Amino acid sequence: MSIELPQRNWHLLSRQEKYTELHQQISALLDPQVDDIANLANAAALLKEIFGWWWVGFYRVLNNKLVLGPFQGPVACTTIALGKGVCGKSWETQSTLVVPNVEEFPGHIACSAASKSEIVVPIVKADGQIWGVLDVDSEHLATFDELDQIELEKFCRTLASSL
Ligand code: SME
């Protein structure tokens, strides 16, 4: 069985077209027979392959901290406290944070000096418990806007339904 993505010139697609593909592909990729790590590892690879962002990955809530989960990109901080950085703030407020310039975000945690803008989306399970966050970093300023927020929140709802 092959689970390869269809061959596409991803860079020629509009952002909306990429998100349409993303939603189709994630539904096919999520496997109810394996654990969260396996599914989220593929989810991170899917985001990286379609969008080519600098860093994409997950932090999960464990022992009252955010702990690094599956990701694609350079090595990253392993733990983040509640309220710290963009990820810790997204967890604390249970809201999506779009940061056009990370240098202007008070307390931003610079895992990579190349990261210039960021979006963090909380992953909330059906019972209302927060599982963790999706963190996406770009090496360009102001990469993310309302479209990314809407579509990545939808993506995280799909993920949450499998956790
Ligand atoms: N910049 C994040 C930390 C995680 S790394 O970017 C992968 C933050 O401020 O929470």
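Fair warning: this is a prediction, and the values are worked out from it, not measured in the lab.

Colleague: Account for the pattern of salt bridges, naming residues and giving values.
Modeller: Throughout the structure, instances matching the rule amount to 3 salt bridges. A salt bridge links Arg15 to Asp148, with the shortest nitrogen-to-oxygen separation between them at 2.5 Å. Here Arg15, found in helix 1 (residues 15-29), pairs with Asp148, found in helix 4 (residues 146-160); they are 133 residues apart in sequence, far enough to count as distant. By relative accessible area, Asp148 is classed as buried at 1%. Each of the salt bridges in this network shares a partner with another, and the network as a whole consists of Arg15, Asp145 and Asp148.

Colleague: Before we move on, could you go through the site of the ligand and cite the residues and values that matter?
Modeller: Around the ligand sit 13 residues, and of these Val86, Cys87, Ile109, Cys111 and Asp137 come closest. Backbone polar atom of Val86 to an oxygen atom of the ligand: 3.0 Å apart, as the coordinates give it. Within the side chain of Glu118, one N or O atom sits 3.1 Å away from a nitrogen atom of the ligand. For the ligand, the protein covers 99% of the area, taking 300 Å² as the surface of the free molecule. Looking at the shell around the ligand, the elements that each hand over two or more residues are strand 1 (55-62), helix 3 (85-93) and strand 6 (130-138). Broken down by element, the residue count for the shell around the ligand peaks at 3 residues, all from helix 3.

So, how was this worked out
Residues numbered from 1 in each chain as written. Predicted model: local features only at pLDDT ≥ 70, side-chain atom pairs only at ≥ 80, totals over all residues. Heavy atoms only, no water. Salt bridge = Lys/Arg side-chain N within 4 Å of Asp/Glu carboxyl O. Helix = DSSP H or I, 4+ residues; strand = E, 2+ residues; numbered from the N terminus. Buried < 20%, exposed > 50% of the residue type's maximum accessible area, 1.4 Å probe, protein only. Near = heavy atom within 4 Å. Polar contact = N/O pair within 3.5 Å; in protein donor to acceptor, adjacent residues only side chain to side chain. Areas by Shrake-Rupley, 256 points an atom, 1.4 Å probe, with all protein chains shown as cover.

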